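# Chains, contacts and geometry: an overview
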Amino acid sequence: FFNNDIPEGLRRLPGPKPLPIIGNVLEVGSKPYLSLTEMGKRYGHVFQIQIGMRPVVVLSGSETVRQALIKQGDDFSGRPDLYSFRFISNGKSLAFSTDQAGVWRARRKLAYSALRSFATLEGTTPQYSCVLEEHVCKEGEYLINELNTVMKAEGSFDPFRYIVVSVANVICGMCFGRRYGHNDQELVSLVNLSDEFGQVVGSGNPADFIPILQFLPSASMKKFVKINDRFIEFVQKIVSEHYVTFNKDNIRDITDSLIDHCEDRKLDENSNIQMSDEKIVGIVNDLFGAGFDTISTALSWSVMYLVAYPEIQERLYQEIQDNVGPDRCPLLSDKPKLVFLEAFILELFRHSSFLPFTIPHCTTKDTSLNGYFIPKDTCVFINQWQINHDPELWKDPSVFIPERFLSADGTELNKLEGEKIMVFGMGKRRCIGEVIARNEVFLFLAIIIQKLHFHTIPGEELDLTPEYGLTMKHKRCHLKASMRQRGEL
Ligand code: HEM
Ligand code: HJJ
């Protein structure tokens, strides 16, 4: 008997019947990207479930999602007030907070311009096209040496454990102007907690929707609060050091540039956007968190796929041998030639869909979609996994085939096919790190495939089942790697 008032000409949202108190929690289960994809087949591309007492609209289908996030972008650009989001950056995160449109837009612009200056633009070393390239080439070399050392000492390694440190160092370089050793416990222990972070913030966590669960003791929630506290403490310490050594005439990194903007804002008397220094400098939390968590997940999955498909790994190696050779570091300017690597990355994004849902959205006003009424402040899940596995869009969607993104003769990338994939969201809330992410994944992969050959421990099975979360990870495992001999094959 809730909201019986549907405006004339609009229909009530379809969806499964909710149980009292828990709603549809049981049907959603532990793999929402699969259960909500199944429900979409029955109820269509716009349907409603109830998590606890709270209605949630689930969107799938490329056209429907495009309509909502692009054509009706403003209506769907909010974030819901979810319990777990309150602990991220003390509730002041750019990506997860319920900031009003004006404040969010101003912060997003600051984040963009900071990333541009310290990733995309040219740095001080002329041999590199941008700061990002410089960081990745340096960290790539450290990573190869580290893996070589660990292989000699232990005979196998946990790929995520080392990749995440290298990736964190790239974003640390841009955000904080510093790097950490592969055995620095302060960094290693922090970035190795990201699986538990993602499991709590993943779309559909019952504790976000059912208030009584927030009062019951929960081991994962307790851990989540602790992870966020550690994260805040880690960043805050570096930020404080930056304030002490800050010099307006020498902006060293993203943290400095955000500190500098706090001054700008005070000078700008016409500005009608009220923002605390904390909300400005706090942007660096999001950039650092997003910068290490997403890319390390993408690269760790890549290595798993290389091991699962040895013939693909050989073809990638051969392509690098033929177009870059064994001696120099692969660069972004090699991208047009390394089409199979590009196709591999696209298929990795599509097949793994390791970011199965965007961050939850929220309607900012009463609206409608495909003729269904959606009230203001409704939580909206966007099912990216469904789009990437939709049989209407893809032939054999469950099979890993990089060639689907190449021309028939295998020499050209089919860009249009690649644009059907959805992993960075779209519209007003789309990822602001997309270009950096695509370039960083490309460069790291080219560098490690050029130097290393990855394989399983003989007799051990490879498990490619994802564990559900905001970013889905594979189970931790051990692999082997050997150095490619110069001129091998
Ligand atoms: C938001 C994907 C890397 C910064 C998002 C969203 C997705 C996404 C799906 C949410 C969109 C929505 O809610 O509709 C990815 C993927 C990455 C990646 C797949 C890597 C492969 C990065 C990097 C950065 C970054 C490297 C920054 C250094 C952000 C920020 C937001 C965001 C700040 C929040 C935007 C907002 O709420 O307005 N990303 N991302 N991401 N991403 Fe990324
Ligand atoms: C984190 C892992 C974190 C933040 C942010 C503030 C900002 C993944 C998607 C988009 C990227 C947007 C952001 C992701 C979250 C992490 C991540 C972790 C603490 C954080 C869809 O990034 O272990 O701690 O604090």
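For the structure, see preceding data.
Residues numbered from 1 in each chain as written. Chains lettered and ligands numbered in written order. Predicted model: local features only at pLDDT ≥ 70, side-chain atom pairs only at ≥ 80, totals over all residues. Heavy atoms only, no water.

Bringing the sheet that holds strand S2 (residues 54–59) into the picture now. Spatially, S1-S2-S6-S3 is the arrangement adopted by the four strands of the open sheet, whose pairing is mixed. Looking at which strands have only one partner, the edges of the open sheet turn out to be strand S1 (46–51) and strand S3 (361–362). Strands S1, S2 and strand S6 (379–382) of the sheet are contacted by helix H2 (residues 32–43), whose axis makes an angle of about 130° with S1. The strands touched by helix H3 (residues 62–71) are S1, S2, S3 and S6; relative to S2, the strand with the most contacts, the crossing angle is about 115°. (Pairing = 2+ DSSP bridges. Helix = DSSP H or I, 4+ residues; strand = E, 2+ residues; numbered from the N terminus. Contact = heavy atoms within 4.5 Å. Axes fitted to C-alpha atoms, helices over the stretch in contact; angles between N-to-C directions.)

A lone protein donor binds the iron atom of ligand 1: Cys431 (SG), at 2.3 Å. Of note, Cys431 is situated in the loop between helix H16 (415–418) and helix H17 (434–451). (Donors = N, O, S within 2.8 Å, 3.2 Å for Na, K, Ca; no water.)

Inspection of the entire model under this criterion finds 24 aromatic pairs. Residues Tyr305 and Tyr309 carry aromatic rings whose centres are separated by 6.4 Å and whose planes lie at 10° to one another, so their mutual orientation is stacked. A cation over a ring is seen here: Arg350 above Trp394, with NZ or CZ 5.4 Å from the ring centre. (Phe/Tyr/Trp six-rings, centres within 6.5 Å; stacked < 30°, edge-to-face > 60°. Lys NZ or Arg CZ within 6 Å of the ring centre and 35° of its normal.)

As a further point, take unusual backbone geometry. A positive phi angle is found at Ser89, which is not glycine, with a value near 50°. Relative to the elements of secondary structure, Ser89 occurs in the loop between H3 and helix H4 (101–120). The phi torsion at Asn90 lies on the positive side, around 50°, for a residue other than glycine.

Around ligand 1 sit 25 residues, and of these Arg79, Arg108, His361, Arg429 and Cys431 come closest. Arg79 is positioned with one of its side-chain polar atoms (N or O) 2.9 Å from an oxygen atom of ligand 1. In the environment of ligand 1, an oxygen atom lies 2.8 Å from a nitrogen or oxygen atom belonging to the side chain of Arg429. At the level of secondary structure, the elements contributing two or more residues to the shell around ligand 1 comprise H4 and helix H12 (283–308). No other element matches H12, which puts five residues into the shell around ligand 1. Its residues assigned to classes, the shell around ligand 1 comprises 15 nonpolar, seven polar and three charged. (Near = heavy atom within 4 Å. Polar contact = N/O pair within 3.5 Å; in protein donor to acceptor, adjacent residues only side chain to side chain. Nonpolar A, V, L, I, M, F, W, Y, C, P; charged D, E, K, R; others polar.)

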